[in-house]
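Descriptive structure summary
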Amino acid sequence: MNKSSHFIDLSLLKTHAAFRAVFIARFISIVALGMLAVAVPVQIQQMTHSPLLVGLAVTLAASGMFIGLLTGGVLADRYERKKLILFARSTCGLGFVALAVNATLPEPSLIAVYLLGFWDGFFGAIGVTALLAATPALVGRENIMQAGAITMLTVRFGSILSPAIAGLVIAHGGVVWNYGLTAFGTLLTVLTLLKLPQLPPPPQPREHPLKSLAAGVQFLFASPIVGMVALIGALVTLASAVRVLYPALAPHWSVTANQLGMLYAAVPLGAAIGAFTSGKLKHAARPGQLVLGSAVAAFVALGLFSLMPNLPLALLCLVAFGYFSAINNLVQYAMIQLLTPDHLLGRINGLWTAQNVTGDAIGAAMIGAMGSWLLPPQAAAVFGFTAALLGVLMWLVMGRLRRYHPPAPELAEQAS
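Residues numbered from 1 in each chain as written. Predicted model: local features only at pLDDT ≥ 70, side-chain atom pairs only at ≥ 80, totals over all residues. Heavy atoms only, no water.

The chain is annotated in an unreviewed UniProt entry as Enterobactin exporter EntS of Candidatus Pantoea formicae. The Function (unreviewed entry) comment attached to the chain in UniProt states, word for word, "Component of an export pathway for enterobactin." (UniProt positions renumbered as here; feature names shortened; annotations may be inferred.)

A separate point is the confidence of the model for the chain. For the chain, the average pLDDT comes to 85, and 96% of its residues sit at 70 or higher. Within the chain, helix α16 (residues 408-411) has the poorest average pLDDT of any element, 45, and helix α4 (residues 81-104) the best, 94. In the predicted structure, residues 409-416 sits below a pLDDT of 50 and forms 18 contacts with residues beyond four places in sequence or in another chain. (pLDDT = per-residue confidence, 0-100. Helix = DSSP H or I, 4+ residues; strand = E, 2+ residues; numbered from the N terminus. Contact = heavy atoms within 4.5 Å.)

Our next topic: the nonpolar core. In terms of nonpolar packing, the biggest core is built from 124 residues, with Y179, I232, F299, F305, M335 and L401 touching the most fellow members. A total of 17 residues in this core trace back to one element, the largest contributor, which is helix α12 (residues 311-339). Those residues within four positions of F299 in sequence are excluded, and the remaining contacts are L235, V236, A239, G384, A387 and A388. (Core = buried A, V, L, I, M, F, W, Y, C linked by side-chain atoms within 4.5 Å. Buried < 20%, exposed > 50% of the residue type's maximum accessible area, 1.4 Å probe, protein only.)

Another aspect to go through is a nonpolar patch on the surface. Together, L389, L390, V392, L393, L396 and V397 make up a nonpolar patch on the protein surface, roughly 580 Å² of accessible area in all. Here V392 shows up in helix α14 (residues 376-397). Residue V392 is classed as partly exposed on the basis of its relative accessible area of 37%. (Patch = residues over 30% accessible without salt bridge, like charges linked within 9 Å, V, L, I, M, F, W, Y side chains within 5 Å. Areas by Shrake-Rupley, 256 points an atom, 1.4 Å probe, with all protein chains shown as cover. Salt bridge = Lys/Arg side-chain N within 4 Å of Asp/Glu carboxyl O.)

Inspection of the entire model under this criterion finds three salt bridges. Here R81 ties to D77 by a salt bridge, and the two come within 3.2 Å at their closest N and O atoms. The same class applies to R81 as to D77, namely buried. In the salt-bridge network here, residues are joined through shared partners; they are D77, R81, D342 and R347.

This is the structure in structure tokens:
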């Protein structure tokens, strides 16, 4: 038996060919989607010179993603998941091709950019939900924490690389080349995912989609552990929106425009460290305590962030916030996958991911409003310490989650 390590275990990429295919496809997809996220705002800004219209495109894409996550959750529990994943990715690719064609026109259509942004957000979310629902079958429930850590690293590194690549491509070839490379990247992901085995959903009654979605919501309330984990995750996601205050906080430490990027990079750096050093998480004796404790630690780091006397200490707090948020997210992910029955995996994953999307947007609005009422450092500190207080209250109230300790052999079979 291999001795466990503090560092991430990448052996799944060697032993599970299907997961290796997913890893490659997901990395290419993250880079491609990151490039798209840069190209669309750049194109609209060039066409309209209106930040408001740029923001509208982002809102429409996020709306498409939210609806797609809920829809995809229902579809992933009804239809063969491999076909659903391939259909969603292929449909996204057609949207990217259409964006490239539109960008070559003498007068590109702004309406087309908006509609295609919604299109790609919707179908991209369906593919993500189906893939999340299929992951336990690809790696085994006993390896779900390990798979989650590898996925997190993939997302973090892809998110760091994609804006840099997009900037270079746009600078030298314009948005047409950016869209074209995004479409080509999507083609590569489809070809890679063809290697997946068949992933049929478990049998279940045919019912109205809204009733099916409601069954997923009811499960969250009927399963206290999963519901409490999702609630904590929502609060952590709200807190991550503190980045909206970075520009306003810059004068607090006399941060230059060049240094501002360090603030944005600090949380992803901490998250990458958390994923890279997550080797022993799957052996945690009290995963519920880990979810609660990491949330409180993340909130305290956030509260201290804006009170630091200089930039290096502030960055250290953000790295700590990213680290504890990553630990929290990994344990959340594993517990939700392990404790959700297979016939509900699509809907629960869709609801959980949709909560992350909406939580970030709501948190940005809340922190932005506080930043207009208080000084930016005060707003960040009040938000962080208020969240920490809520975290402590949840620690005291959520005794069932705090005491949760499933036997190791049963943990992988709870939702089978």
